[in-house]
Each structure stands twice: as structure tokens, then as C-alpha cells.
Amino acid sequence: MKRIRSALFMPASNARAIEKARGLDCDAVILDLEDAVAPDSKVDARAQAIVAARTGGFGDRLLVLRVNALDTEWGEADLEAARGAGFDAVLLPKVSHPDDLALGRATLGDVPLWAMIETCAAILALPAIAAAPGLACLIAGTNDLAKDMRCTPGSDRLPLLPHLVAIVTAARAHQLIALDGVSNVLADTPDLAAECAQGAAFGFDGKTLIHPAQIAPANRAFAPSADQVRWAEAVIAAFALPENARLGAIRVDGEMVERLHLAQAEQIVASA
């Protein structure tokens with residue numbers, strides 16, 4: 001899958017929001033049938049999401065459907081409707097065990113699965129969940145996880161930090177995308193920028209969002225900076241010199257860099 005800096009949740013019950021999403025500068029649009037949709041609107045929202053997927057028009061944005069939990073009255077029908085509709089992935093909420101992914105995998109075939117990690121049980125089962133066949137992405141469901149833990153994260157998200165690191169680690173071990181949880185700050189503010197920067201520092205690929213105003217801060221935080229790109233290009237150029245072809249470590253701008261830094265530099269340039 002493409003690099004995802006920003007993945008915007010949009011209520012599938014809101015036709016105007018879906019239309020607006022087709023022109024926003026996010027990397028993924030997640031049409032939501034779960035938290036953002038009232039119970040009496042679930043069926044209509046499902047139908048509207050399927051029409052949106054089949055109509056297309058989302059450009060190079062990934063189009064993802066978050067279904068209702070499979071132990072609800074809507075979950076299995078959501079999966080059946082999503083099969084063959086044209087979504088790039090289907091996001092399963094409340095995944096707490098690898099068996100929770102089995103029905104999605106059986107119903108959807110080759111459509112990649114994304115998993116919300118938002119329960120204490122999920123944290124304990126992370127290695128097994130991340131190893132599940134057909135899984136492509138782990139998303140930190142920070143609001144629900146905080147509720148399940150009965151903790152108060154605060155602006156520094158301190159109680160959640162070990163679990164955020166665990167989610168990134170599990171994703172990296174199985175070559176999955178890792179997306180940070182949503183922020184409840186709905187404007188482009190220093191607090192939102194700090195949370196995006198924190199997620200990027202922890203190694204997340206990008207951030208899930210709940211408002212279009214959050215897209216620009218996420219795109220900035222999860223894209224390589226100009227200084228990072230300059231460093232990466234310098235490292236790549238230095239290792240490309242004939243005299244350095246057989247060396248494992250060289251000096252670049254007064255610092256020692258090794259072949260592992262070359263791999264990092266190539267990743268940065270590719271991302272940029």
C-alpha cells in the first residue's frame with residue numbers, strides 16, 4: 001500500500017461529507033459505519049458507503065470501510081456488503097484476538113484487513129493479531145483504549161505510551177502499516193502539532209483523523225522534513241562514490257554513517 005500520513009474518518013451516513021472527502025488532501029478516507037453512525041442510521045449508511053465505493057472519484061486516496069463490530073447485529077451484513085464493492089481495505093473495530101479477524105478474512109477474500117487495537121485484551125494479544133493472515137494495518141484506538149484502561153491520558157498521553165510503542169513494534173515485525181490514534185483537538189493548534197510529532201517520533205506511519213482541519217498538521221508531521229531529505233541525499237551520494245563502494249562505515253558531514261543509515265536514507269527519499 002501507499003504511504004499513509006493522514007487517514008480521515010468520515011461518517012458514511014453523511015453524503016455531503018463523503019463528497020467533500022473526494023477533494024481533501026488526505027492519503028486515506030475511512031468511511032465509518034461504527035462510532036460515527038447512530039443505530040437507526042446504520043443500514044442506510046451502509047448502502048450509502050457501498051454506492052460511494054462503486055461510484056469512485058477518490059483519486060489516489062485509499063478508500064477504507066470501517067464496519068461495525070462483528071458481534072453486533074450489523075457487523076456480518078457490513079462485511080457481506082463490502083465484498084466486491086471496491087474498497088481498498090476494510091477496518092475491523094474492537095479486534096482483541098486473531099480469531100476476530102477470521103470472519104473478515106473468510107468473507108472478504110483478498111481485500112486487506114485493518115485492525116483497531118483499542119482494548120486491553122488486544123494489547124496482550126498483539127503479537128498474534130499482527131501475525132494474522134491478510135492483515136495490512138494496525139490502528140491505535142486511543143480513546144477506546146483509554147476507556148478500557150480507565151486511565152486519563154492528558155495532552156502527553158503518558159499512560160498510553162507503552163502501548164503505542166507496542167503497536168508500532170508489532171506492526172514493524174510483520175511489515176504492517178501503523179497508524180496513530182485520533183486527536184480530539186479539532187483545529188490546527190500547537191497541541192495537535194505536538195501530538196502528531198509524538199506519533200511520528202514513535203515510528204507511526206501516519207495518524208487517523210476526525211476533522212479536515214487535522215489533515216495539514218498530520219501531513220507535515222509524518223512527511224520527511226527538508227533537513228532529513230538533505231541528509232538522506234548526502235548519505236546516498238556518499239555511498240555511491242567508487243571509493244566507498246566496499247566500505248561499511250564512512251564520514252558524511254562530520255558524522256559516521258553505516259550501511260544501516262544508507263537503508264534509512266533510501267526510505268526517507270522514497271517517502272519524500
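The following refers to the structure shown. (Residues numbered from 1 in each chain as written. Predicted model: local features only at pLDDT ≥ 70, side-chain atom pairs only at ≥ 80, totals over all residues. Heavy atoms only, no water.)

Further remarks concern the overall build of the chain. Looking only at helices and strands, one finds twelve helices and ten strands in the chain. Taken against the 2.2 N^0.38 rule, which gives 19 Å for 272 residues, the C-alpha radius of gyration of the chain at 20 Å falls within 12% of a compact globule. In terms of overall dimensions, the chain has a C-alpha envelope of 65 × 40 × 40 Å along the principal axes. Classification of the 272 residues of the chain by burial places 48% in the buried group. The long-range fraction of contacts in the chain, counting pairs at least 24 apart against all pairs at least 6 apart in sequence, stands at 64%. Of the roughly 12,700 Å² of accessible surface on the chain, 54% is carried by carbon and sulfur atoms. Charge separation in the chain, taken as the distance between the mean sites of 24 positive and 34 negative side-chain charges, equals 3 Å. (Helix = DSSP H or I, 4+ residues; strand = E, 2+ residues; numbered from the N terminus. Rg over C-alpha atoms; globule rule 2.2 N^0.38 Å. Buried < 20%, exposed > 50% of the residue type's maximum accessible area, 1.4 Å probe, protein only. Contact = heavy atoms within 4.5 Å. Areas by Shrake-Rupley, 256 points an atom, 1.4 Å probe, with all protein chains shown as cover. Lys, Arg positive; Asp, Glu negative; His and termini not counted. Charge placed at Lys NZ, Arg CZ, Asp CG, Glu CD.)

Time to look at helix 11 (residues 226–240). In this model helix 11 runs 21 Å from its N-terminal to its C-terminal C-alpha over 15 residues, within 8% of the 21 Å that 1.5 Å per residue would give. When helix 11 is considered as a whole, its buried residues turn out to be V229, A232, V235, A238 and F239. (Expected span 1.5 Å × (residues − 1).)

This part covers the pairing of strand 10 (residues 255–258). A regular strand places its side chains so that they alternate between the two faces of the sheet. In the sheet, strand 9 (residues 249–252) pairs with strand 10 via four bridges, with the strands oriented antiparallel. Residue pairing in the sheet places R251 in a bridge with M256 of strand 10. (Pairing = 2+ DSSP bridges.)

So, about the nonpolar core. Counting 62 residues, the largest nonpolar core has L31, F87, L101, I129 and L138 as the members making the most contacts within it. Looking at this core element by element, the count peaks at six residues for helix 8 (residues 161–173). Of all hydrophobic cores here, the second largest spans 17 residues; its members include I30, L91, W114 and I177. (Core = buried A, V, L, I, M, F, W, Y, C linked by side-chain atoms within 4.5 Å.)

Burial runs high along strand 5 (residues 113–117): five of the five residues are buried. A two-sided burial pattern is seen for strand 5, the buried positions comprising L113, A115 and I117 on one face and W114 and M116 on the other. Of the pairings in the sheet, the one linking strand 4 (residues 89–92) to strand 5 comprises three bridges and is parallel in character. If you follow L91 over to strand 5, its bridge partner there is W114. For strand 5 and strand 6 (residues 135–140), the ladder comprises five bridges, and the chain directions are parallel. Its bridge partner lying in strand 6, W114 is registered against C137.

If the charged atoms of two oppositely charged side chains come close together, the side chains can form a pair. By the definition in use, this model includes 17 salt bridges. We note a salt bridge from K94 to E34, for which the minimum N-O separation is 3.2 Å. In this pair, K94 is assigned in the loop between strand 4 and helix 4 (102–108) and E34 in the loop between strand 2 (28–32) and helix 2 (42–55), connecting sequence segments 60 residues apart. If you follow the salt bridges from partner to partner, you end up with D32, E34, D35, R66, K94, E118 and D144 in one network. (Salt bridge = Lys/Arg side-chain N within 4 Å of Asp/Glu carboxyl O.)

Here the focus is the environment of A81. Within the element layout of this structure, A81 appears in helix 3 (residues 75–82). The contact partners of A81, leaving out residues within four places of it in the chain, are R46 and I50.

We now examine the sheet that holds strand 7 (residues 177–180). Read around the closed barrel, the eight strands follow the order 1-2-3-4-5-6-7-8; overall the barrel is parallel. Adjacent strand axes in the sheet meet at a mean angle of 25° when their direction is disregarded. When strand 7 meets strand 8 (residues 206–209), the two strands line up parallel, connected through two bridges. Looking across to strand 8, one finds that D180 is bridged to K207. (Axes fitted to C-alpha atoms, helices over the stretch in contact; angles between N-to-C directions.)

On to the packing of aromatic side chains. Two descriptors summarise a pair of aromatic rings, namely the distance from one centre to the other and the angle between the planes of the rings. On inspection of all chains with the given rule, the structure shows zero aromatic pairs. Above the face of the W74 ring, K42 is positioned so that its terminal group lies 5.2 Å from the ring centre. (Phe/Tyr/Trp six-rings, centres within 6.5 Å; stacked < 30°, edge-to-face > 60°. Lys NZ or Arg CZ within 6 Å of the ring centre and 35° of its normal.)

Regarding helix 7 (residues 142–149), the residues found buried are T142, L145 and A146. One side of helix 7 carries all its buried residues, which in axial view fall inside an arc of 100°. On its buried side, helix 7 packs onto helix 5 (120–124), strand 6 and helix 8. Just downstream of helix 7, R150 is the residue with a positive phi angle, here 60°. (Arc of directions from axis to C-beta.)

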